[in-house]
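Now for the letters of each chain:
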Amino acid sequence: MCGIVGAVAQRDVMSILVEGLRRLEYRGYDSSGVAIIDKYNAVQRTRRVGKVQELADALHANPLSGGTGIAHTRWATHGIPSESNAHPHVSGDGAQSANIAVVHNGIIENHGPLREKLKKAGYEFTSQTDTEVIAHLVHFELQTSETLLEAVQKTVKQFEGAYGTVVLDSNTPEKMVVARSGSPLVIGLGLDENFIASDMMALLPVTRKFMFLEEGDVAQVTRFDVSVYNKKGKLVERESKEHDISHEASDKGEYRHYMMKEIFEQPTAVRNTLENGFNGNDINYDAFGHNAEEIFKGIEHVQIIACGTSYHSGMVARYWLESLANISCSVEIASEFRYRKSFVPKKSLIVTLSQSGETADTLAALRLAKEIGYQSSLCVCNVPGSSLVRESDLTFLTKAGAEIGVASTKAFTTQLVGLLMMTIAIGKTRGMDETQQNNIIQSLKALPNTLESALTLDKPIEELAEDFADKHHSLFLGRGAQYPIAMEGALKLKEISYIHAEAYAAGELKHGPLALIDAKMPVIVVAPNNELLEKLKSNVEEVRARGGLMYVFADVNAHFESDDTLKVLNVVHCDDVVAPIVYTLPLQLLSYYVAIIKGTDVDQPRNLAKSVTVE
Ligand code: G6P
């Protein structure tokens, strides 16, 4: 989704801004732009629709230079993707003498009335965006303010909605004023130069030292100093930290796409996530944060909330928590949970799942849960310092490393690892027996190697993907904890190959989807060797009897035979408890190779964003 980069430095900042935007491309966007204050203290601006490369080419032909600048990648919400809607937006005494430039992530919900008020005051709008309101409102407030900081403080008080915004005034060229509420912003601290971004990733070439702003903060950033004011306008200190995220994390290495790199990183990502998770053969409660054991002892229900792929990992966790930890669990999509009146079972733990830790609906659901009486909160998250992490009582940090591909892969499997560890941690407080606990821990410890073996299916899956080249629809089937894995497989296929894919619990086949079966509808079946195997085999026969074409990912001991209508891909044998994690990998590979054949943009599929920071 939209990305922000800003810099105030002695050196020319154009290349820093453009490189920052490139590093945010993975989040999904449709246009981009940059504004720099030049040596004559004038705002110079270039904007383009399409890839950042278009903007870079335009800037190569007509470079902008100056030490203070802001840049943005836009994912359209208000107004079509067009040059006039792209940020930065400006305001001033007529467009030629604009002195205010603004970039913004989020949505100003009351932009309509504010726009009317500003029009009455004589401002002319040149875009359909809510963001242009910010530029004019700051300009308006500046007429009665001593400083840009004061004008921005007065401006944001008038907003309803979410914003992460950076404002420049060419009359005071060596500073940026930034404000956040509901949309993340991080300040990058350099030596006599400072930066701002919506994601640390953008600033890795220039700094590793970051300061996170809190909700409602407004900050003034100069080359030498950062002053932060909280929502009451009080000067506050915000902690800054060195982060050890690797610069290389954002390189593709030998791979053609980030997604492929990230699929193959899963054994390592899982190994890293398991680190610190155990004390010998016992679970390490500290991996969940301070007082985790006590908190787990006091709960009677788990409510999981997430969006997208993270929601699927929550659905798997429900099977684990109820069958292994003996605790009731419900799972809900965050955008549903936050807008309904729900019943809060006594002593409930709210568990949010998120790769980014910034998904607007998930964050809003957590805040609501706190208001309506949930006892404690835990998040399973891949980004240290993210909003969810900061606002939850407990955190389990997955160590997937930076995930760049929009379609989530390693974040999902590491989330599952975290959730299985959480299952043991809660189960132990509710009498899970030691043998069961040891078995799960052994399966988890063996998991990186099991995943390596699962990845050896790479070539056969590449060949099989050819069959999907001319298909428009597909069905994914699974049972038990593999049902959400079938859902995740279907989501991956539709996200990156644009083939319509639906997942069903195999037992539901007769209740409707069987009517769709013919030779044009490939059916993908997830079939580990567990107590549901015979039931699943009956479902396979139901499809076969109707002339369906099947692709079965099966345990080597499940004894499926390939024939004209059924292709079997044998997946490494594994303990049933970790099978949802293991069977995810072949499904990821399948969607990847189908997308390659279809020629789609694998890492940045159309219309999608990596981190959905607006609802
Ligand atoms: C977007 C991404 C998905 C992701 C979902 C939730 O839709 O494209 O890959 O699963 O957001 O994101 P989160 O960061 O909360 O896991």
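1. Quick word on the environment of valine 582
No. 1: Mapped onto the secondary structure, valine 582 falls in helix 18 (residues 579-598).
No. 2: For valine 582, a relative accessible area of 0% corresponds to the buried category.
No. 3: Between the C-alpha atoms of valine 582 and leucine 274, which are 308 residues apart in sequence, the distance is 15 Å.
No. 4: The residues touching valine 582, leaving out its near neighbours within four places in the chain, are Leu447, Thr450, Leu451, Ala454, Val571, Val572 and Cys574.

2. Considerations on the site of the ligand
No. 1: What surrounds the ligand is a group of 13 residues, the closest being Ser310, Ser354, Gln355, Ser356 and Thr359.
No. 2: Within the side chain of serine 310, one N or O atom sits 2.6 Å away from an oxygen atom of the ligand.
No. 3: One of the backbone N or O atoms of valine 406 is found 3.1 Å from an oxygen atom in the ligand.
No. 4: Ranked by residues supplied to the shell around the ligand, first place goes to helix 9 (residues 308-324) with 3 residues.
No. 5: Here the shell around the ligand is built from residues that sort into 4 nonpolar, 8 polar and 1 charged.

3. Some details on the sheet that holds strand 19 (residues 328-333)
No. 1: Strand order in this open sheet of 5 strands is 19-18-20-21-22, and the pairing throughout is parallel. Of all the strands in the sheet, the pair left with one neighbour each is strand 19 and strand 22 (394-397). Going across the sheet, the axis of each strand differs from the next one's by a mean of 20 degrees, ignoring polarity.
No. 2: Note: strand 21 (residues 376-381) against strand 22, 4 bridges, orientation parallel. Note on strand 22: the bridge partner recorded for leucine 378 is leucine 394.
No. 3: Of the strands in this sheet, strand 18 (301-306), strand 20 (348-354), strand 21 and strand 22 touch helix 13 (residues 410-428), which is tilted by about 165 degrees from strand 20.

4. Describing the pattern of salt bridges
No. 1: Under the counting rule described, the total for this entry stands at 28 salt bridges.
No. 2: Of the charged contacts, one joins aspartate 217 and arginine 238 as a salt bridge, the two residues approaching to 2.8 Å between their closest N and O atoms. Linking aspartate 217 in the loop between strand 11 (209-212) and strand 12 (218-222) with arginine 238 in the loop between strand 14 (235-236) and strand 15 (240-242), this pair joins segments that are 21 residues apart in sequence.
No. 3: What makes aspartate 217 buried here is its relative accessible area of 0%.
No. 4: Between arginine 544 and aspartate 563 there is a salt bridge, with the nearest N and O atoms lying 2.5 Å from each other. Remark: aspartate 563 occurs in the loop between strand 26 (549-555) and strand 27 (566-571) and arginine 544 occurs in helix 17 (residues 533-544); sequence separation between them is 19 residues.
No. 5: Each of the salt bridges in this network shares a partner with another, and the network as a whole consists of Arg180, Glu215, Arg367 and Glu391.

5. A look at the pairing of strand 20
No. 1: Of all 7 residues in strand 20, 7 are buried, a share of seventy percent or more.
No. 2: With burial as the criterion, each face of strand 20 is covered, one bearing Ser348, Ile350, Thr352 and Ser354 and the other bearing Leu349, Val351 and Leu353.
No. 3: Summarising the sheet, strand 18 and strand 20 pair through 5 bridges and their orientation is parallel. Pairing of glutamine 303 across the sheet is with isoleucine 350, part of strand 20.
No. 4: Direction of pairing for strand 20 relative to strand 21: parallel, over a ladder of 6 bridges. Counterpart to serine 354 in the pairing with strand 21 is cysteine 381.
No. 5: For the crossover that starts at strand 20, traverses helix 11 (residues 360-371) and ends in the parallel strand 21, the hand is right-handed.

6. Points about the packing of aromatic side chains
No. 1: Applying the stated rule across the entire model yields 9 aromatic pairs.
No. 2: Ring geometry for tyrosine 123 against phenylalanine 140: centres 6.4 Å apart, planes inclined by 75 degrees, an arrangement best described as edge-to-face. Linking tyrosine 123 in the loop between helix 3 (111-120) and helix 4 (131-142) with phenylalanine 140 in helix 4, this pair joins segments that are 17 residues apart in sequence.
No. 3: Relative accessible area serves as the criterion here: at 31%, phenylalanine 140 is assigned to the partly exposed category.
No. 4: Ring centres 5.1 Å apart and planes at 45 degrees place the aromatic pair phenylalanine 468 and tyrosine 551 in the tilted group. With phenylalanine 468 in the loop between helix 15 (458-465) and strand 23 (473-478) and tyrosine 551 in strand 26, this pair connects stretches of sequence that are 83 residues apart.
No. 5: Taking the relative accessible area as the measure of exposure, phenylalanine 468 reaches 0% and is therefore buried.
No. 6: An aromatic cluster is built from Tyr285, Phe288, Phe296 and Phe396, whose rings are joined through pairwise contacts.
No. 7: For the cation-ring pair, arginine 318 lies above tyrosine 319, with the distance from its terminal atom to the ring centre recorded as 5.6 Å.
No. 8: Lying across the ring of phenylalanine 560, lysine 537 places its NZ or CZ 5.3 Å from the centre.

How each quantity is defined
- Residues numbered from 1 in each chain as written.
- Predicted model: local features only at pLDDT ≥ 70, side-chain atom pairs only at ≥ 80, totals over all residues.
- Heavy atoms only, no water.
- Helix = DSSP H or I, 4+ residues; strand = E, 2+ residues; numbered from the N terminus.
- Buried < 20%, exposed > 50% of the residue type's maximum accessible area, 1.4 Å probe, protein only.
- Contact = heavy atoms within 4.5 Å.
- Near = heavy atom within 4 Å.
- Polar contact = N/O pair within 3.5 Å; in protein donor to acceptor, adjacent residues only side chain to side chain.
- Nonpolar A, V, L, I, M, F, W, Y, C, P; charged D, E, K, R; others polar.
- Pairing = 2+ DSSP bridges.
- Axes fitted to C-alpha atoms, helices over the stretch in contact; angles between N-to-C directions.
- Salt bridge = Lys/Arg side-chain N within 4 Å of Asp/Glu carboxyl O.
- Right-handed = clockwise from strand over helix to strand, strands pointing away.
- Phe/Tyr/Trp six-rings, centres within 6.5 Å; stacked < 30°, edge-to-face > 60°.
- Lys NZ or Arg CZ within 6 Å of the ring centre and 35° of its normal.

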